[in-house]
Amino acid sequence: MASEEASLRALESLMTEFFHDCTTNERKREIEELLDNFAQQIGAWRLCLYFLSSTGNDYVMMYSLTVFENLINKMWLGVPSQDKMEIRSCLPKLLLAHHKTLPYFIRNKLCKVIVDIGRQDWPMFYHDFFTNIVQLIQSPVTTPLGLIMLKTTSEELACPREDLSVARKEELRKLLLDQVQAVLGLLTGDLLSNLLQSPSSAKLLNQPIPILDAESEYICSLALECLAHLFSWIPLSASITPSLLTTIFHFARFGCDIRARKMASVNGSSQNCVLGQERGRLGVLAMSCINELMSKNCVPMEFEEYLLRMFQQTFYLLQKITKDNNAHTVKSRLEELDESYIEKFTDFLRLFVSVHLRRIESYSQFPVVEFLTLLFKYTFHQPTHEGYFSCLDIWTLFLDYLTSKIKSRLGDKEAVLNRYEDALVLLLTEVLNRIQFRYNQAQLEELDDETLDDDTFCLRVDLRLRMKGQGRCQDSAFLGELILLFPLQQQTEWQRYLRQSLEVVAKVMELLPTHAFSTLFPVLQDNLEVYLGLQQFIVTSGSGHRLNITAENDCRRLHCSLRDLSSLLQAVGRLAEYFIGDVFAARFSDALTVVERLVKVTLYGSQIKLYNIETAVPSVLKPDLIDVHAQSLAALQAYSHWLAQYCSEAHRQNTQQFVTLISTTMDAVTPLISTKVQDKLLLSACHLLVSLATTVRPVFLISIPAVQKVFNRITDASAQRLVDKAQVLVCRALSNILLLPWPNLPENEQQWPVRSINHANLISALSRDYRNLKPNAVAPQRKMPLDDTKVIIHQTLSVLEDLVENISGESTKSRQICYQSLQESVQVSLALFPAFIHQSDVTDEMLSFFLTLFRGLRVQMGVPFTEQIIQTFLNMFTREQLAESILHEGSTGCRVVEKFLKILQVVVQEPGQVFKPFLPSIIALCMEQVYPIIAERPSPDVKAELFELLFRTLHHNWRYFFKSTVLASVQRGIAEEQMENEPQFSAIMQAFGQSFLQPDIHLFKQNLFYLETLNTKQKLYHKKIFRTTMLFQFVNVLLQVLVHKSHDLLQEEIGIAIYNMASVDFDGFFAAFLPEFLTSCDGVDANQKNVLGRNFKMDRDLPSFTQNVHRLVNDLRYYRLCNDSLPPGTVKL
């Protein structure tokens, strides 16, 4: 006894020292090692039992329980049966004796330790484990403890971790399922219903919510937590009864009972406030239970009636939440409810619409239209932006459902639309109102329009009105334009708000085009009138033009009107797709009205140069004016496909109206292509020009004076160069005007000779400085500084690469003309390449250009020149140069090598015999030069590209390795294909095998896919060399990967690959490989190996086989865990 007491004091002292601020890390490691060694020794649990019953130190109790946890989960098989009985007896007694005084985290940990014993021993050696839990729940004194035990049991036994065999996992699940009906009855019948004290479940939802004392609320919350976890894994079955559902829904009412919450706060005491919060929490927990049931998509037929009952009860709750009376508006009611309850309720509505609406809609007992009316009220009275976003998601799901329903039942289209028309029009109107400052200024000003996530480019705009008493107003228009032109993965809060709103508008437009247009266009018109009327307020001042609107209120109104116009222009642009295709003629008039207005607005902005006007509040109004102008160009660009379709019609009818539209648009665009114009407006103009040249392609475009003006500006050597992005876009547009075939014209009317000369002149002007570098290729820095040379190379190649990339998918004639114009620049690039081989930034750009050429114009370049390029690259990229690039030049050097490998990927994929002579050199480069450098590096750089090159070499040049004969193909299995270049093939396969031993999961997934593809297309696994020397090596590696859990995310893919390999020789797999694999497994004894072998059934279908593989892996890991031996010796504290 004295020694136990001394050990306890020593342990308490150690624990206090460990957690003391002054203890060094080195001392902590010493203490940790001492405690670990103590926990490992045989019989340590006895001392821990004494510590638990004798100490008040939380650290000591937690440590003691951890010792028990380690013993039960990792050493239980080696514990003598007498000791097990003692532990099974003592720990529950300890829990019963102290559960009311223990800290909750110690109590919960002790519960988990007891459940861990049940996980190992129930029912064989611990037959009363579950019975004890039920008895605890039934006894009023220990009900809370029993519920905690029940929830822990559900968590630990229903979906246990990997420290059990598969057979035991299946047994536990079955045992639990046998108890479900009794447990559900106990929880809802004996506990929850009794606490509600309700005589009639039929009238339950209409009765006042009963007042529960604190103990009862605590018990209810624990019971609901148990139910939520049980519902996460039990099947929908007869166990879930109508009375159970009604009881849960009754508790869901607690979340929307404002009266009880108010009473708690009015009565003042902190105890009452806590009670009010607990009641709200009951509602949240009840909704969690309901949502667990809702999330199950696979619903038995007999359960559909229950679903209907659930939705009827939800309908009642929704009515209660959105009830409007004098005392409460809907919004104030929602503001007073617990935020978590609102989130859960919204989750329920989403699940209802996405998973179950199709089941319930046909029931006459469920009022779908009335439900949508309530959902409308719920949506547009949300107290938070996040809540509103979530509700918009629900409407989007509903509109998608409606659209797919109509497409599948076109005959009923009118009936379906008539049923929902009023709701959709109401939704459209309200969503449009919500994006306008005119109706929703207070909320819109709260939206953050500055913060973007770090992994996207960041546009920070501070447009706060610097006026007395003016709230926060922020910029939107350009960001909105970016949504149209440059979609972002991450967005500001304002962008997200606008995008989600416009998606709803667009989906309504698809269903009700006429209604949507007649709702949106008048609103746009109103704001356009304000914008177009600004001309009368422009006066001339000493420094230029000034907007003569200075009153604070007028400036504020103008700011809001411009913000709204910007949003509405995006809305109009978003709807462009609903005016083209089959409906072009039917909706022509509406679309023409829109396009004419947009053309007028863009021309107006360019003519009076609103982007350069002085304003009373330049920090706000000037950006607003620029943004509206940019947005009008972006909206017009969205109609380029409509203009293209109009172009086809105009060609047949020779209409002047179309010519005027295009000419006026160019008059609006041309003045903006200038270095004096702000970048965002310049880029919008450039994008519109590209769309006119690429998508619309009118024959007369090149003859418009405004276009000629742009040609002259770009080819004028003395003109100031535009910013890079704009220069590239304008050059692309001009090149496309000359290269792309005109629609609806025969080949002999395309005027290719003239266009070819003009294109050559354009490229000549653009590449003038670049081509002048050629004579000084050996030492370009002698004549001009290196940095200046680099600038010329960057500016020229960025333009030329873009031109090639955009023409690569076009007709042969267009590509021929393009290459003729580029030929000299390409030759200059090849001549310059060796001089810049040690300048990785320049080499990177040059290889990007060549890669684009190889992808788009390799046929036009011709075989001799292509061979010259490849040979030059192979000569330049020596082992030393590759090592320098990969090891010493960082990410830029690696990018250079990756682009070189991408070029070789294009080469090896080329059909025919032209480039086959390069294969030995390419494979040698990969395996003898690149692979040895990167093989052992942990960095993933270059590896993905190298293995893709190896894969494409095999995939597109299979006959380089396997000479197929007619006899072999006719008499498959009798004659083997003749093998050539075997050492190279083996080296490539070995490299693939080695890649599976590395931690990079992306490379693993890619290479596994490549092997599977080669097997699907070329029967890789069936080839004699693979089957006899490699097959089971690969299977072994993949099995070891599963056992070590290093790539757990790819379990399914690995299992399928193992099956595909084993299926080549099932007899060999079962008779030779599996016994050999088990023999080589360490950490398991002979008997366990026999059990593993017996449990692997000889199934030959994919699902059964992969199930057996995962069973083998799980049980092998389990046996190793069990066999971890106890270290010898003891440690005294």
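Counting restarts for each chain: residues are numbered from 1 in the order of the written sequence. Totals for whole chains, interfaces and linings use every residue, but because this is a predicted model, local features are given only for residues with pLDDT of at least 70 and side-chain atom pairs only at 80 or more, for both listing and counting. Hydrogen atoms and water are omitted, and side-chain values are computed over all heavy atoms in the structure.

## Describing the overall build of the protein chain
The test is simple: Under the DSSP-based scheme used, a helix requires at least four consecutive residues in state H or I and a strand at least two consecutive residues in state E, with every element numbered from the N terminus. Note on exposure labels: buried denotes an accessible area under 20% of the residue type's maximum, exposed denotes more than 50%, and partly exposed covers the range between, all computed with a 1.4 Å probe on protein chains only. Pairs of residues are marked as contacts when any of their non-hydrogen atoms sit within 4.5 Å. Surface accessibility follows the Shrake-Rupley procedure with a 1.4 Å probe radius. Residue values consider only the protein chains on display as shielding.
Counting secondary structure elements, the protein chain contains 51 helices and four strands. In the protein chain, which comprises 1133 residues, the share counted as buried stands at 55%. Across the protein chain, every contact between residues at least 6 apart in sequence was considered, and the portion connecting residues at least 24 apart equals 75%. Surface summary for the protein chain: the accessible area is close to 49500 Å², and the carbon and sulfur share equals 52%.

## Structural notes on the environment of Gln179
By the element assignment, Gln179 lies in helix α9 (residues 166-196). C-alpha of Gln179 to C-alpha of Phe130: the two residues are 49 residues apart in sequence and 8.8 Å apart in space.

## As for the packing of aromatic side chains
How we decide: Centre distance within 6.5 Å is the pairing criterion for rings of Phe, Tyr and Trp, where only the six-membered ring of Trp is used; planes under 30 degrees apart are then read as stacked, over 60 as edge-to-face, and the remainder as tilted. For a ring to carry a charge above it, either NZ of a lysine or CZ of an arginine must fall within 6 Å of the ring centroid while also lying within 35 degrees of the normal to the ring plane.
Under the counting rule described, the total for this entry stands at 67 aromatic pairs. With centroids separated by 6.1 Å and ring planes inclined at 50°, the aromatic side chains of Phe311 and Phe348 adopt a geometry described as tilted. Placement of the pair is Phe311 in helix α14 (residues 304-321) and Phe348 in helix α16 (residues 339-360), with a sequence separation of 37 residues. For Phe311, a relative accessible area of 2% translates into the label buried. An aromatic cluster of at least three residues, connected via ring pairs, comprises Phe1032, Tyr1059, Phe1066, Phe1069, Phe1070, Phe1073, Phe1077, Phe1096 and Phe1105. Taking the ring centre of Phe18 as reference, the NZ or CZ of Lys28 above it sits at 5.6 Å. A cation over a ring is seen here: Lys1023 above Phe962, with NZ or CZ 5.6 Å from the ring centre.

## Points about the pattern of salt bridges
What counts here: What counts as a salt bridge is simple: a side-chain nitrogen of Lys or Arg found within 4 Å of a carboxyl oxygen of Asp or Glu.
Enumeration according to the criterion identifies 41 salt bridges in this entry. Salt-bridge contacts for Arg27 lead to Glu30; the nearest nitrogen and oxygen are separated by 3.2 Å. Note that Arg27 and Glu30 are positioned in helix α2 (residues 25-40) at a spacing of three residues, about one turn of the helix. The exposure class of Glu30 is partly exposed, given its relative accessible area of 42%. The partner of Arg438 in a salt bridge is Asp526, and the shortest N-O contact between them spans 3.9 Å.

## Description of the side chain of Thr246
Put simply, the test is: Two N or O atoms count as a polar contact when they lie within 3.5 Å, although within protein this holds only if one can serve as hydrogen donor and the other as acceptor, and sequence-adjacent residues are included solely when both atoms are side-chain atoms.
Within the secondary structure, Thr246 is located in helix α11 (residues 242-252). Polar contacts involving the side chain of Thr246 include one to the side chain of Gln313, which spans 3.3 Å.

## Observations concerning helix α30 (residues 705-715)
Stated formally: Here, the arc refers to the directions that run from the helix axis to the C-beta atoms.
Listing the buried residues of α30 in full gives Ala706, Val707, Val710, Phe711 and Ile714. An end-on view of α30 places all buried positions within 150° of arc, on one side of the element. What points out from α30, more than 90 degrees from its buried face, is the exposed set Pro705 and Lys709. Summarising the contacts, the buried residues of α30 are in contact with α28 (656-669), α29 (679-696), α31 (724-739) and α32 (752-766).

## Let's talk about the packing of helix α22 (residues 493-511) against helix α24 (residues 552-574)
Rules: Orientation is described by axes fitted as lines to C-alpha atoms, over the contacting stretch for helices, and by angles from 0 to 180 degrees between their N-to-C directions. Reported orientations rely on four angle classes, namely roughly parallel under 35 degrees, roughly antiparallel over 145, roughly perpendicular from 65 to 115, and oblique for the rest. Take the far helix as the reference: if the near one is turned anticlockwise from it by less than a right angle, the crossing is left-handed, and if turned clockwise, right-handed. Three categories are distinguished: nonpolar for Ala, Val, Leu, Ile, Met, Phe, Trp, Tyr, Cys and Pro, charged for Asp, Glu, Lys and Arg, and polar for the others, with Gly belonging to the last.
Between α22 and α24, whose axes approach to 10 Å, the crossing angle comes to 45°. When the axes of α22 and α24 are compared, the pair comes out oblique. For the element pair α22 and α24, the recorded crossing hand is right-handed. Only Arg563, Ser567, Gln570, Ala571 and Arg574 of α24 make contact with α22, whose side of the interface consists of Trp494, Leu498, Leu502, Glu503 and Ala506. Of the residues in the contact of α22 with α24, the class split is five nonpolar, two polar and three charged.

## Focus on the packing of helix α18 (residues 385-408) against α22
At a minimum axis separation of 10 Å, α18 and α22 run at an interaxial angle of 25°. Between α18 and α22, the angle is such that the two are roughly parallel. Like other packed secondary-structure pairs, α18 and α22 cross with a definite hand, here left-handed. Of the residues contributing to the contact of α18 with α22, the split by class is ten nonpolar, five polar and eight charged.

## Quick look at α9
The cut-off we apply is this: Here a helix's expected span is defined as the number of its residues, less one, multiplied by 1.5 Å. The term bend refers to the angle at a residue between two fitted axes, each drawn through seven residues, those ending there and those starting there.
Between the first and last C-alpha of α9 there are 42 Å, a value that for 31 residues agrees with the 45 Å anticipated at 1.5 Å per step. Of all the bends in α9, the largest measures some 45° and sits at Val180.

## Brief notes about unusual backbone geometry
In this chain, Trp122 is followed by Pro123 through a cis amide linkage whose omega measures 0°. Here Pro123 lies in the loop between α6 (104-121) and α7 (129-138). Here the phi dihedral of Gln751 falls at roughly 55°; this positive angle occurs in a residue that is not glycine. Looking at the element boundaries, Gln751 is found in the loop between α31 and α32. Classification of Gln751 by relative accessible area gives partly exposed; the value is 47%. Backbone geometry places Lys1019, a non-glycine residue, at a positive phi of 60°. With respect to the helices and strands, Lys1019 occurs in the loop between α45 (1001-1018) and α46 (1024-1029). By relative accessible area, which is 43% here, Lys1019 ends up partly exposed.

## Considerations on the environment of Phe711
Looking at where Phe711 falls in the secondary structure, it is placed in helix α30. Remark: the alpha-carbon pair of Phe711 and Val730, spanning 19 residues in sequence, is separated by 9.1 Å. In contact with Phe711, not counting residues within four places along its chain, are Ile702, Leu734, Leu738 and Leu762.

## Remarks on the environment of Leu47
For Leu47, the location among the structural elements is in helix α3 (residues 44-54). Remark: the alpha-carbon pair of Leu47 and Glu4, spanning 43 residues in sequence, is separated by 6.7 Å. If near-sequence neighbours (up to four positions away) are discounted, Leu47 is found in contact with Glu4, Ser7 and Phe38.

## Description of the confidence of the model for the protein chain
Heads up, the condition is: Each residue carries a pLDDT score, the predictor's confidence in it, ranging from 0 to 100.
Residues of the protein chain with pLDDT of at least 70 account for 89%, and the chain-wide mean is 85. The model gives residues 199-203 a pLDDT under 50, and that stretch makes two contacts with residues more than four places away or in other chains.

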